[in-house]
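Reading the structure
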Amino acid sequence: MRFTKMQGAGNDYIYLNGFEPLPADLGELARQMSDRHFGVGSDGLVIIMPSESCDFRMRMFNSDGSEAEMCGNASRCVGKYVYDKGMTTKKELTLETLAGVKHLTLHIQDNKVEQVTVDMGEPILSAPDIPVNLSESPVVSQPLEIEGNRFAITCVSMGNPHAVIFLDDMDRYDLHHIGSLIEHHELFPRRTNVEFVEVQSPQHLRMRVWERGAGETLACGTGACATLVAAVLNGKSDRRAKLHLLGGDLSIEWNEQNNRIYMTGGAVTVFEGEWPDGNNRSIWY
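Now for a quick tour of the structure.

1. Considering the overall build of the chain
Along the backbone of the chain there are 4 helices and 19 strands. At 18 Å, the chain has a C-alpha radius of gyration in line with the 19 Å of a compact globule built from 285 residues. Referenced to the eigenvectors of the C-alpha coordinate spread, the extents of the chain come out at roughly 50 × 40 × 30 Å. Across the 285 residues of the chain, 54% fall into the buried class. With the model as given, the accessible surface of the chain reaches about 12,200 Å², and the carbon-plus-sulfur share is 45%. Taken as two groups, the 26 positive and 39 negative side-chain charges of the chain have centres that lie 3 Å from each other.

Structure representation (structure tokens):
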């Protein structure tokens, strides 16, 4: 079985061609292939499939085998995958995801995709729709106490749930421990992604992310979008800003006219390989 390892801002996934036969248990396949010691190593698995309503369909599984709604960084890599491999000649694509239809604009250089702009849609701010077990909507700067630490959370859904926390000095905290506790907190019936953010200026935000089902990752596209929305709602940033993540930078805009979020960033093919049937050993080249 052929696979392609790709990354967007360090958010790395394994990509499979779903136009070809694949194993039935994709969650288990994601767990095996994502293992960084005995597998290929990744934040999860992305399947690129045919769609009845869009140019392509994307399914994605976290490294723990759970299926997620979508990932902004992964969607950019899907655009690069299908164009670079000749599956389309379009530079404007529609992508079906569990979080709705996403619109991709491919930026081409030397006949290869270098960057992709994704129309991420409108942010969801209604507490029941995020979902978060609070009566307030929007959920802006609501107190949450974790092991004696008092945080203010702002909750946003970009098709998947996010809890954004602004900190003066995020390096003071054990974000792995706190992130896991918040992910599984009773406030979040479907668990949540957690973003920790330092405001450097109204146009520059530093962010680390604890992803639901994957732990800390180098980047999260939907998390970057949710972070900008939360920053604007809290009066901390402009509607267009650069998000500085561990794996690289993303440019995010919350358009005031149409209420939609636009994310622009790179997409990189790392390597390709084969995953033999019946064992956990891969061959890459």
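2. Description of helix H2 (residues 72–84)
Compared with an ideal rise of 1.5 Å per residue, which puts 13 residues at 18 Å, H2 spans 19 Å between its outermost C-alpha atoms and is within 8% of the ideal. Within the sequence span of H2, burial applies to Gly 72, Asn 73, Ala 74, Ser 75, Arg 76, Cys 77, Val 78, Gly 79, Lys 80, Tyr 81, Val 82 and Tyr 83. Phi for Gly 86, located one or two positions after H2, is positive at around 75 degrees.

3. Overview of the pattern of salt bridges
Using the criterion set out here, one finds 17 salt bridges in the structure. Between Lys 80 and Asp 84 there is a salt bridge, with its nearest N and O atoms 2.6 Å apart. One end of the pair is Lys 80 and the other is Asp 84, both in helix H2 and 4 residues apart, which spans about a single turn. For Lys 80, a relative accessible area of 8% corresponds to the buried category. Overall, the relative accessible area of 22% leaves Asp 84 in the partly exposed class. Linked through salt bridges whose partners overlap, the residues forming this network are Lys 5, Asp 12, Arg 36 and Asp 43.

4. Here we look at the nonpolar core
Formed by 53 residues in total, the largest nonpolar core has its most connected members in Tyr 15, Val 46, Met 58, Val 78, Met 120, Ile 252 and Ile 261. Leaving out residues up to four positions away in the same chain, Val 78 has contacts with Tyr 15, Val 46, Ile 48, Met 58 and Leu 95. Within the second largest apolar cluster, 22 residues are counted, among which are Val 139, Ile 146, Met 170 and Phe 196.

5. Focus on the state of the cysteines
The tally for this structure, following the rule as stated, stands at 0 disulfides. Here Cys 54 stays free of any disulfide, with the sulfur of Cys 71 as its closest cysteine sulfur at 18 Å. The exposure class assigned to Cys 54 is buried, which follows from its relative accessible area of 12%. With no disulfide partner, Cys 155 has as its closest neighbouring cysteine sulfur the one in Cys 220, 15 Å distant.

Conventions adopted
Residues numbered from 1 in each chain as written. Predicted model: local features only at pLDDT ≥ 70, side-chain atom pairs only at ≥ 80, totals over all residues. Heavy atoms only, no water. Helix = DSSP H or I, 4+ residues; strand = E, 2+ residues; numbered from the N terminus. Rg over C-alpha atoms; globule rule 2.2 N^0.38 Å. Buried < 20%, exposed > 50% of the residue type's maximum accessible area, 1.4 Å probe, protein only. Areas by Shrake-Rupley, 256 points an atom, 1.4 Å probe, with all protein chains shown as cover. Lys, Arg positive; Asp, Glu negative; His and termini not counted. Charge placed at Lys NZ, Arg CZ, Asp CG, Glu CD. Expected span 1.5 Å × (residues − 1). Salt bridge = Lys/Arg side-chain N within 4 Å of Asp/Glu carboxyl O. Core = buried A, V, L, I, M, F, W, Y, C linked by side-chain atoms within 4.5 Å. Contact = heavy atoms within 4.5 Å. Disulfide = S-S within 2.5 Å.

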